[in-house]
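These are the residues of each chain, in order.
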Amino acid sequence: MTSGAVAPRPLWLQDPTLAWRPAVRGLVLCARPHGPADCLGPNTVEPAVDIGPPTIGYDHLCGLQELLAVLLPAARITLPGVLERHADVVDLLTGPEGPDGEGAGRRGRFVPVSETASLGTTRRISRESHITAGWIDRAARFLADALPALGERPVLVLRAFDHWDRISVRILYRAVLIADQQGGGFTVRGVLRDGGTLFLERLARLRAVRVCTGLPPVPDAPRGAPALDVEAWHSGGAASPLRAIGDAIALQNFERADLLIAAHVEAVGAEGGRADDLADLIRLQAISEAQTGRIDAAVAKLEQSLTLAEKPELRAHLNYLVALLVTKRKDDTQTARAFYLRGLECIDALDAPGVDAQVEKAWILNGLALAAAIDARGTGDTERRDALFKEAFELEFDAFRMVREMPGDSAFYLRYNLSHNLAFLLQITGRHRQAEDFLRSVSATMLGTGRPEFFVPHHYAIAVLQLRRGSHEEAAASFGAAVRVAGELRDPFHLEKLFAAAGYTDLRRGDHAGAARHYRDAARTARRLCDEQAFAQDLAGLLWALTLGGSRWDRHTVSAARVWYPEAAGAYDRGAGGEELAEALTHAGAEIAPPSSKLPSYLAGVDLEGLPDRDLNRFLAGITARENPGRLLGEGTGGATGGATSAEAEGTPGSVKSGTPEGTSGAATSTGADGGSGEVTSAGPGGGSGAAASRGPGGGPGEANSVSLDGSSGSAKSPAAEAVSVSREAAVLPPGAPVAAVAAVRGAGVPSRGVLDPAGTATAGGRR
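None of the values given here were measured: they were computed from a predicted structure.

*Asks:* Where do I start with the overall build of the protein in this structure?
*Replies:* The helix and strand inventory of the protein stands at 30 helices and 9 strands. Here the protein, with 768 residues, has 62% of them falling under the buried criterion. Nonlocal contacts in the protein, meaning residues at least 24 apart in sequence, comprise 76% of its contacts between residues at least 6 apart. Accessible surface, the protein: about 26500 Å² in total, of which carbon and sulfur atoms supply 50%.

Spelled out as structure tokens, the structure:
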């Protein structure tokens, strides 16, 4: 398997250049109006281009519209070829505003987000930015190519930059990075009108951003935003603000989401007597706050919502959300269990629970399973660990039984997630082959659709399982299959991770030449994406592969090493090799990233929202974030296996024969050169296997979000008319015998079934 599987190879893989330095100070934030010399220096001679303030602050793409109003006329005259080359992106950026159509106010300018993603994001505390990131990257490349129409290295002066929407800011910031990398560049002066925002405060910490005067404190609510005129909506009716609010949250345009919610809270409150509707809106406020890291405020909002909510199903869901928040963001499983149990009490008090109530109960059981898995993963007591994993299995089985034959989109959606969570539990308890068979079984029908979007995460998940159990040749073939499909999809974000995973696998099987090829292509892709962390790790993988294989570094590799690992480059220049060069790489901090349990859904380098303090996927699967390959020096193919492979236990859940002293059940561990653990483990919560996807409005790609065991989304994708379920013929796994999982569901498959909304978008999620 070679990286030549991407055919025809894109231009960035044909460019031998590796060396680059990240952009610095391309965007300047000015808290007060002043002359350019005050922040750009007295020798500033570039022409300044004045860009007016947004007409409607925080509206989708409102900031970019002001820039395009100046840029497009100039580009039509001087760079018509650029407009033609980027015609699809230009059409998206300049398309007319769409009416809400639901009586809940303007939906805003079109951006590619599916209804499934919108509904799913308003239901969970998770963030899916992969497809959005691809679109943002394309829009940023258009700007980088078109902005020379305004001058060789123009200075853009953006008025009321604090009223730009987050989508526009992300596109512009990325364009700054891309233009700098391409050898061009432009400067942005963002002049604030009313003050700082939470997003700008975070933006100011980035390498390419400088604040010339201190940012004022962040207000509790967006300043200076016009009141939104919304029509009253009625629960159960056709008019609902959830789609517009869901779009804003799914697109991480949180200021617009907050404004929409506040307007509807005022409208509903004015009518009176609508406690549940008011509680539901406050729930959405909490989700928006949680997405921006305001965890304590989010919990307080949910507790406020609980004081208002009357409907048992809503109260159950609110308790579920509080529990999920404190589990994922506060690592407090004890408090989480208390809220989960309160949610169960709400449902159990009903005389005849309906479909919605039973779906809520199943989600709560899924949350309790997460808490049990986290506690099992964190304990060093083998007996307790086994009991907790057994509890997690039983909870997942109970949830699956409850919705096995239940009608409705929410039940179909939940069945898919539960089946992948069961596969994950098999993985982390050492049953790797059963997990692979189970994953293939539940994915069979989905893969039978032939949609390429399904195959990338599926091949990746299978490859990680094979890698974990030491089947390196199989893993290499599976990663190669994923590379081929991602190449066909022209998806650089997935390709970078896949190239790196293939390189890691090659290192493990002793194929140093193959590892060098893959890590080189991973580094080239990371360079194109302006991803500093990924590039540093991929370059480290390339340097280690060459060093372990005794190969020379070419001039492009040496140039890159001098920038990123100067100590190691100096040792190479002095003629060091073998152990001496390996020691220099270790001292330089050259570490690689073992493949995560699933392809990432958070792309912090694009969405600029940061990352959670802990990666639950890696934690639950026992996968380290960094690893030093120095221990492989001098080992042959047979020795480069990453140490002992955990046995596939045949006993009770969690009785894994190779747990680590920390209770890392099922981790295939190896000791790195520095004595650290180099763990190679398996697919994460949700199995990493793609699920339902949808096509966004206008046929653009959308996202259906599959919930993982940790409650995060699994980047699931499906055809427009697909929702996913496990057939009613599937046997439910017995609580005391999780090893029988594969046999119990073999042949169950994932039959296609789904609902199309009027816009032709799949509604596989069904969770508000």
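*Asks:* What should I look at first to understand helix 22 (residues 492-508) in this one?
*Replies:* Residues separated by three or four positions in an α-helix point in the same direction, a consequence of the helix having 3.6 residues per turn. Across its 17 residues, helix 22 extends 24 Å between first and last C-alpha, which sits within 8% of the 24 Å expected from 1.5 Å per residue. Counting buried positions along helix 22 yields 16 of 17 residues, so the element is predominantly enclosed. Where helix 22 begins, the side chain of D491 points an oxygen toward the backbone nitrogen of F493, at a separation of 3.2 Å. Positive phi shows up at G510, right after helix 22, with a value of about 80 degrees.

*Asks:* In this structure, what is going on with unusual backbone geometry? I would like to understand it.
*Replies:* As a rule of thumb, non-glycine residues mostly have phi less than zero, and peptide bonds are mostly trans rather than cis. A positive phi angle is found at Q252, which is not glycine, with a value near 60 degrees. Summarising the element assignment, Q252 is placed in the loop between helix 10 (242-250) and helix 11 (254-271). In the Ramachandran plot, L608 falls in the positive-phi region, its phi being about 60 degrees despite a non-glycine side chain. Tracing the backbone through its elements, the reader meets L608 in the loop between helix 28 (604-607) and helix 29 (616-621).

*Asks:* I'm lost on the pairing of strand 2 (residues 48-51) in this one. Help?
*Replies:* Regular strands have side chains that alternate between both faces of the sheet. Of the two faces of strand 2, the one lined by V49 and I51 is fully buried and the one lined by A48 and D50 carries no buried residue. Both strand 2 and strand 5 (residues 155-159) contribute to a ladder of 4 bridges, which runs parallel. Note that in strand 5 the partner of A48 across the bridge is V155.

*Asks:* For this particular structure, what's the right way to read the sheet that holds strand 7 (residues 209-211)?
*Replies:* Strand pairing in a sheet is mediated by backbone hydrogen bonds. Such pairs are either parallel or antiparallel. Taken in spatial order, the 5 strands of this open sheet run 2-5-6-1-7, and their pairing is parallel. Edge strands, defined here as strands with exactly one partner in the open sheet, are strand 2 and strand 7. For this sheet, the mean inter-axis angle between neighbouring strands, taken without regard to orientation, is 20 degrees. In terms of strand pairing, strand 1 (residues 27-30) meets strand 7 through 3 bridges, oriented parallel. By the bridge assignment, L29 is partnered in strand 7 with V211.

*Asks:* Can you walk me through the packing of helix 16 (residues 355-378) against helix 17 (residues 382-403) in this structure?
*Replies:* Helix packing geometry: the angle between the two helix axes and the distance between the axes. For the pair helix 16 and helix 17, interaxial distance at closest approach is 8 Å and the crossing angle is 165 degrees. For the element pair helix 16 / helix 17, the angle class is roughly antiparallel. In this structure, helix 16 crosses over helix 17, and the sense of that crossing is left-handed. Facing Q358, K361, A362, L365, N366, L368, A369, A372, A373, D375, A376 and R377 of helix 16, the residues of helix 17 in contact are R384, R385, L388, F389, E391, A392, L395, E396, D398, A399, M402 and V403.

*Asks:* Help me out: how do you make sense of the pattern of salt bridges in this one?
*Replies:* A side chain of one charge can pair with a side chain of the opposite charge when the charged atoms of the two come close. Evaluated as defined, the whole model comprises 38 salt bridges. Among the ionic pairs, D573 bridges to R562, the shortest N-O distance being 3.2 Å. Pair noted here: D573 is in helix 26 (residues 566-573) and R562 is in helix 25 (residues 555-564), with a separation of 11 residues, a long-range link. By relative accessible area, R562 is classed as partly exposed at 47%. Three or more residues joined by partner-sharing salt bridges are found here, namely R166, R170, R202, E255 and E609.

About the criteria used
- Residues numbered from 1 in each chain as written.
- Predicted model: local features only at pLDDT ≥ 70, side-chain atom pairs only at ≥ 80, totals over all residues.
- Heavy atoms only, no water.
- Helix = DSSP H or I, 4+ residues; strand = E, 2+ residues; numbered from the N terminus.
- Buried < 20%, exposed > 50% of the residue type's maximum accessible area, 1.4 Å probe, protein only.
- Contact = heavy atoms within 4.5 Å.
- Areas by Shrake-Rupley, 256 points an atom, 1.4 Å probe, with all protein chains shown as cover.
- Expected span 1.5 Å × (residues − 1).
- Polar contact = N/O pair within 3.5 Å; in protein donor to acceptor, adjacent residues only side chain to side chain.
- Pairing = 2+ DSSP bridges.
- Axes fitted to C-alpha atoms, helices over the stretch in contact; angles between N-to-C directions.
- Parallel < 35°, antiparallel > 145°, perpendicular 65-115°, else oblique.
- Left-handed = near helix turned anticlockwise from the far one by under 90°.
- Salt bridge = Lys/Arg side-chain N within 4 Å of Asp/Glu carboxyl O.

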